[in-house]
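Letter by letter, the chains look like this.
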Amino acid sequence: MLHGFYVLAAVLVSTGLFFFVVTRGALIVRGLTPGSQSERSHVYPIYSNMGLIKMVDFQPIISAILLFQYHRLVSKIVSGLRQQDLRGKKVLITSCAFGNVMPRVVKAALQSGAERVLVADIIPNELEHARTKLAHFGNKVEFIVDNATAMKQQEGMVDANVIFFLLHELPHHLKGQALKEAGRMLAPGGKLYLGEFHRPELRVLRALSWTYFKVFEPLGLALWNTHDPLACLDEMGGWKCDRSTYFFGNFQIVSATKL
């Protein structure tokens, strides 16, 4: 039993070290490198290196990272899309995401009558990887290299916009900009579906989440207070918002209608 404990501890430490190296650790090193700053400087290697993308994008791993709430979170978004009348309209997925969220979103959008689904990401490798997941939808899906915080697309071009766990990785000054761009892309009456972390209700879970963010993703803690997406949307005005939380408040889906 003691041997098993040591093996488990070694696996957990190794896994934690791996994710630190390909997330925050890499950004720390990048920040120390002269001339390394660009609009992609905040992007973790785990989302830009094709080898790492293929290694990590495995449904059980992604579900475990979100404490096995992944299916519930995606189902909430899919349910919202199915209730929309998207006949002849367009849907946008702003930034690629691991797991099966994109195939499920595309399927739900097309079932609701969407003419086309646009997938936008700043990293070409992410789009290339997304193509393999969405190939069976054919020309109903279009892939665009674009920046979620400064979209080049025409204002009001879509009637639904899905952003799944992007904000917590953005520098604080870009979080609000991403929300503004998300709204600019929507036609009046369009809906934004936003999946993100949320401040947990249970103190023990809050302490564990705080530790996780401090070690791996310190930019995410702002979602608990200063950059709470629902509060940011309310402050911008022109939105009717609803929030659902999951797993003792650790995760959230914000559904916001553009007025």
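Residues numbered from 1 in each chain as written. Predicted model: local features only at pLDDT ≥ 70, side-chain atom pairs only at ≥ 80, totals over all residues. Heavy atoms only, no water.

Trainee: Could you give an account of the side chain of Ser-209, with specific residues and numbers?
Mentor: Here Ser-209 lies in helix H9 (residues 203–215). The exposure class assigned to Ser-209 is buried, which follows from its relative accessible area of 8%. Those residues in contact with Ser-209 that sit more than four places away from it in its chain are Pro-200, Trp-224 and Asn-250. (Helix = DSSP H or I, 4+ residues; strand = E, 2+ residues; numbered from the N terminus. Buried < 20%, exposed > 50% of the residue type's maximum accessible area, 1.4 Å probe, protein only. Contact = heavy atoms within 4.5 Å.)

Trainee: Tell me about unusual backbone geometry, residues and numbers included.
Mentor: With a phi angle near 85°, Ser-95 is a residue other than glycine that sits in the positive phi range. Here Ser-95 lies in the loop between strand S1 (90–94) and helix H6 (101–111).

Trainee: Go over helix H7 (residues 124–134), please, and point to the residues and values.
Mentor: Given 3.6 residues to a turn, an α-helix orients residues that are three or four positions apart in the same direction. For H7, the complete set of buried residues consists of Glu-126, Leu-127, His-129, Ala-130, Lys-133 and Leu-134. Viewed end-on, H7 has its buried residues packed into an arc of 160°, placing them on one side of the element. Its buried side turned inward, H7 meets helix H3 (50–56), H6, strand S2 (116–121) and strand S3 (141–145). (Arc of directions from axis to C-beta.)

Trainee: Describe the packing of H6 against H7, with residues and values.
Mentor: At a minimum axis separation of 9 Å, H6 and H7 run at an interaxial angle of 60°. In terms of orientation, H6 and H7 fall into the oblique class. Crossing of H6 over H7 shows right-handed handedness. For the pair H6 and H7, contact is made by Met-102, Pro-103 and Val-106 and by Ala-130, Lys-133 and Leu-134, respectively. (Axes fitted to C-alpha atoms, helices over the stretch in contact; angles between N-to-C directions. Parallel < 35°, antiparallel > 145°, perpendicular 65-115°, else oblique. Left-handed = near helix turned anticlockwise from the far one by under 90°.)

Trainee: Any chance you could break down the sheet that holds strand S7 (residues 251–258) for me, citing the residues and the numbers?
Mentor: Strand order in the open sheet made by the seven strands is S3-S2-S1-S4-S5-S7-S6, with mixed pairing throughout. Because the sheet does not close on itself, it has two edges, and the strands there are S3 and strand S6 (239–246). Strand-to-strand twist in this sheet, taken as the mean axis angle between neighbours without regard to direction, amounts to 15°. Relative to S2, S1 runs parallel, the two sharing five bridges. Of the residues in S2, the one forming a bridge with Lys-90 is Arg-116. Packed onto the sheet, helix H5 (residues 70–83) meets strand S4 (158–164), strand S5 (186–197), S6 and S7 and runs at close to 175° relative to S4. (Pairing = 2+ DSSP bridges.)

Trainee: A description of the nonpolar core should follow, citing residues and the corresponding values.
Mentor: Judged by nonpolar contacts, the single largest core of 49 residues is most densely connected at Leu-81, Val-119 and Phe-164. Discounting chain neighbours no more than four positions away, the residues touching Val-119 are Ile-93, Cys-96, Met-102, Leu-127, Leu-134, Val-141, Glu-142, Phe-143 and Ile-144. Of all hydrophobic cores here, the second largest spans 26 residues; its members include Leu-118, Met-151, Val-158 and Ala-256. (Core = buried A, V, L, I, M, F, W, Y, C linked by side-chain atoms within 4.5 Å.)

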